[in-house]
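A closer look at the structure
Here's the letter readout for the chains.
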Amino acid sequence: MAKKLKIKKGDTVEIIAGDDKGKQAEVLRVLPAKDAVIVAGCKVVKKAVKPTEQNPEGGFVNKEMPIHISNVRKVEGA
């Protein structure tokens, strides 16, 4: 059975711990199996990408990584 989380996709949250502490942004995705959320523009890492047909150059891509649900707080009225 899936866990019931209070934060949903599209909610505005504030980061309360980590490098992005104090930032407010929108939730892009909720991962109930990991108790994590992906927040727009927060916890961005640079990932290496192999060349493919869509991206023949390959190179590096900036990607948001999951943040544990306990490190975000829902912003009311936003």
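How each quantity is defined
Residues numbered from 1 in each chain as written. Predicted model: local features only at pLDDT ≥ 70, side-chain atom pairs only at ≥ 80, totals over all residues. Heavy atoms only, no water. Salt bridge = Lys/Arg side-chain N within 4 Å of Asp/Glu carboxyl O. Helix = DSSP H or I, 4+ residues; strand = E, 2+ residues; numbered from the N terminus. Buried < 20%, exposed > 50% of the residue type's maximum accessible area, 1.4 Å probe, protein only. Pairing = 2+ DSSP bridges. pLDDT = per-residue confidence, 0-100.

Remarks on the pattern of salt bridges
- Applying the stated rule across the entire model yields 3 salt bridges.
- Arg73 is the salt-bridge partner of Glu14, the closest N and O atoms lying 2.9 Å from each other. Of this pair, Glu14 sits in strand 1 (residues 12–15) while Arg73 sits in strand 7 (residues 72–74), and the two are 59 residues apart along the sequence.
- In this structure Arg73 comes out as partly exposed when scored by relative accessible area, which is 43%.

Notes on the sheet that holds strand 3 (residues 36–39)
- The antiparallel open sheet is built from 5 strands, whose spatial order is 6-3-2-1-7. Looking at the sheet topology across the chains shown, the edges are occupied by strand 6 (67–68) and strand 7.
- Across 3 bridges, the pairing between strand 1 and strand 7 is antiparallel. Bridge pairing in strand 7 links Glu14 to Arg73.

Some points on the environment of Gly77
- Among the structural elements, Gly77 can be located in the segment after strand 7.
- With relative accessibility at 86%, the residue Gly77 sits in the exposed group.
- The sequence separation of Gly77 and Thr12 amounts to 65 residues, and the corresponding C-alpha distance is 9.1 Å.

Remarks on the confidence of the model for the protein
- On average, the protein scores 92 in pLDDT, and the residues at 70 or more come to 96%.
- Strand 3 holds the highest mean pLDDT among the elements of the protein, 97, whereas strand 5 (residues 59–64) holds the lowest, 94.

Thoughts on the pairing of strand 2 (residues 24–31)
- In the sheet, strand 1 pairs with strand 2 via 3 bridges, with the strands oriented antiparallel. By the bridge assignment for strand 2, Thr12 is matched with Glu26.
- When strand 2 meets strand 3, the two strands line up antiparallel, connected through 4 bridges. Among the inter-strand pairings, Val30 is bridged to a residue of strand 3, identified as Val37.
- As consecutive antiparallel partners, strand 2 and strand 3 are separated by 4 residues, and within that stretch Asp35 has a phi angle of approximately 55 degrees, a positive value.

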